[in-house]
Amino acid sequence: MKMLTKQERIDLLLAHDDATWHWRYWGLFFNLIVVAFISYQTSIYLPLIVFALYLPQLCVEWRKTKLLLSFNPESRYRRWVYADYAVQWFAFLIVLCALACYHTGVINIWTLVTILSGGMIGGLLFPYMVNRVVLTFDTHHVTNRIFNEAKTERHTHQKTSS
């Protein structure tokens, strides 16, 4: 397995984004319908609703993780990419458990808000940290910022060339 250049990685990530956009948007649309139906029944199903809303995103992230793992065979790179995905799953499970505990009366609203706030802050900071660490030993790594810039550039180029 050869190491890919940054541009090759960006091209593969853009192709992945093109192939999986329907999972995000149609999954979200279908799940919003399910949420509307379930929420009229009772609010006890809130953990199920969160599960239904976030599962398509986790599936897309798993496919992206598999693609990222094909970019570099080094074990250190693979560990950090797996860790990024594992933290997303862990945060997802903590949110589900916290909501279930709140609905069963084990924790109060302030504990729930604290757990959710801490999870959101950690969920925002950990991928940033992973990208910084991976860039120290893989100079061709594509960070989320670089990938978003490439998507914006592609979109802008498509608009001007039409």
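Above this text sits the structure in question.
Residues numbered from 1 in each chain as written. Predicted model: local features only at pLDDT ≥ 70, side-chain atom pairs only at ≥ 80, totals over all residues. Heavy atoms only, no water.

Visitor: I would appreciate a short explanation of the nonpolar core in the present structure.
Guide: What tends to happen in soluble globular proteins is that the nonpolar side chains get buried as a cluster. Among the nonpolar cores identified, the biggest contains 18 residues, and Ile 10, Leu 13, Leu 68, Phe 71, Tyr 77 and Val 142 are the most heavily contacted of them. Examining the composition of this core, we find that four residues originate from one element, helix 4 (residues 109–137), more than from any other. Apart from residues no more than four positions distant in its own chain, Leu 68 is found in contact with Leu 13, Tyr 77 and Val 81. (Core = buried A, V, L, I, M, F, W, Y, C linked by side-chain atoms within 4.5 Å. Buried < 20%, exposed > 50% of the residue type's maximum accessible area, 1.4 Å probe, protein only. Helix = DSSP H or I, 4+ residues; strand = E, 2+ residues; numbered from the N terminus. Contact = heavy atoms within 4.5 Å.)

Visitor: Explain helix 4 here, please?
Guide: An α-helical turn contains 3.6 residues, so a residue and the one three or four places further along point in the same direction. A rise of 1.5 Å per residue sets the reference length of helix 4, with its 29 residues, at 42 Å; its end C-alpha atoms lie 43 Å apart and thus fit the reference within 8%. Regarding helix 4, its N-cap is Asn 108, as a side-chain oxygen of that residue lies 3.3 Å from the backbone nitrogen of Trp 110 further along. (Expected span 1.5 Å × (residues − 1). Polar contact = N/O pair within 3.5 Å; in protein donor to acceptor, adjacent residues only side chain to side chain.)

Visitor: Any chance you could explain the environment of Ala 83 here in plain terms?
Guide: Along the chain, Ala 83 turns up in helix 3 (residues 75–104). Taking C-alpha positions, Ala 83 is 9.4 Å from Pro 127, a pair spaced 44 residues apart along the chain.

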